[in-house]
Amino acid sequence: MYFPSLFYTDNATVRNIIVADSVVCYIKKDFYYSKDDGAYFSQSFKKMLLANDPFNKYFIPNIALFDDAKNAAPARNIYVCGNDGLYFSSDLGKTFSKDNNFSSPPDIFTSITQLNNGELYATRNFSNKDSIIYSRVNGGGWTQVTATPPYG
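Quantities reported herein were computed from a predicted structural model and do not represent experimental measurements.

Colleague: I'd like a description of the sheet that holds strand E3 (residues 31–34), backed by residues and values.
Modeller: Reading across the sheet, the 4 strands line up as E1-E2-E3-E4 and stay open at both edges, with antiparallel pairing between neighbours. Pairing within the sheet leaves two strands with one partner each, and these edge strands are strand E1 (16–20) and strand E4 (42–45). With direction set aside, neighbouring strand axes in the sheet form an average angle of 30 degrees. Both E3 and E4 contribute to a ladder of 3 bridges, which runs antiparallel.

Colleague: Talk me through the environment of Tyr 121; I want residue IDs and the actual numbers.
Modeller: Relative to the elements of secondary structure, Tyr 121 occurs in strand E10 (residues 120–124). Of the residues examined, Tyr 121 reaches a relative accessible area of 23% and is grouped as partly exposed. Separated by 13 residues in the primary sequence, Tyr 121 and Tyr 134 have C-alpha atoms spaced 5.6 Å apart. Setting aside residues up to four positions removed in sequence, Tyr 121 forms contacts with Ser 111, Ile 112, Thr 113, Leu 115, Ile 133, Tyr 134, Ser 135, Trp 142 and Val 145. For Tyr 121, the side chain forms a polar contact with the side chain of Glu 119, separated by 2.7 Å.

Colleague: Tell me about the nonpolar core, residues and numbers included.
Modeller: Phe 31, Ile 78, Val 80, Leu 86, Ile 112 and Trp 142 are the most contacted members of the largest nonpolar core, which has 30 residues in total. Of all the elements in the fold, those that place two or more residues in this core are E1, strand E2 (23–27), E3, strand E5 (64–67), strand E6 (77–82), strand E7 (85–89), strand E9 (109–114) and E10.

Cut-offs and rules
- Residues numbered from 1 in each chain as written.
- Predicted model: local features only at pLDDT ≥ 70, side-chain atom pairs only at ≥ 80, totals over all residues.
- Heavy atoms only, no water.
- Pairing = 2+ DSSP bridges.
- Helix = DSSP H or I, 4+ residues; strand = E, 2+ residues; numbered from the N terminus.
- Axes fitted to C-alpha atoms, helices over the stretch in contact; angles between N-to-C directions.
- Buried < 20%, exposed > 50% of the residue type's maximum accessible area, 1.4 Å probe, protein only.
- Contact = heavy atoms within 4.5 Å.
- Polar contact = N/O pair within 3.5 Å; in protein donor to acceptor, adjacent residues only side chain to side chain.
- Core = buried A, V, L, I, M, F, W, Y, C linked by side-chain atoms within 4.5 Å.

Structure representation (structure tokens):
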């Protein structure tokens, strides 16, 4: 789909686009959503990851995700990696709340993804030597994933 007037001028490039049901969402400096097929976009979330390094400035793979898993609660949420934690929206992008359902204090996440079975995974910036990955299975809390080298 082509949007001829896509996107407000806020001195930022488009960093991510997601579709949640019939809602089109995009991320530049802030989070925007449209419930009318892109005719009008509303700004809703202003705590996006700071674009203070070359990687974060232009594009972050999977900075946002629509969890439409039919069998996992809480499903049907939009998740966004914010500048001070992970946020979610249960109303398709209109409002966001901080996700505090972690087994240990959360980090600032830079990417979130989902497997076909509905499991969610979030990771912090890979510029750190020790990247930390959290997982959420079947709507439970986020738990840190312990990596085991194959040839320990």
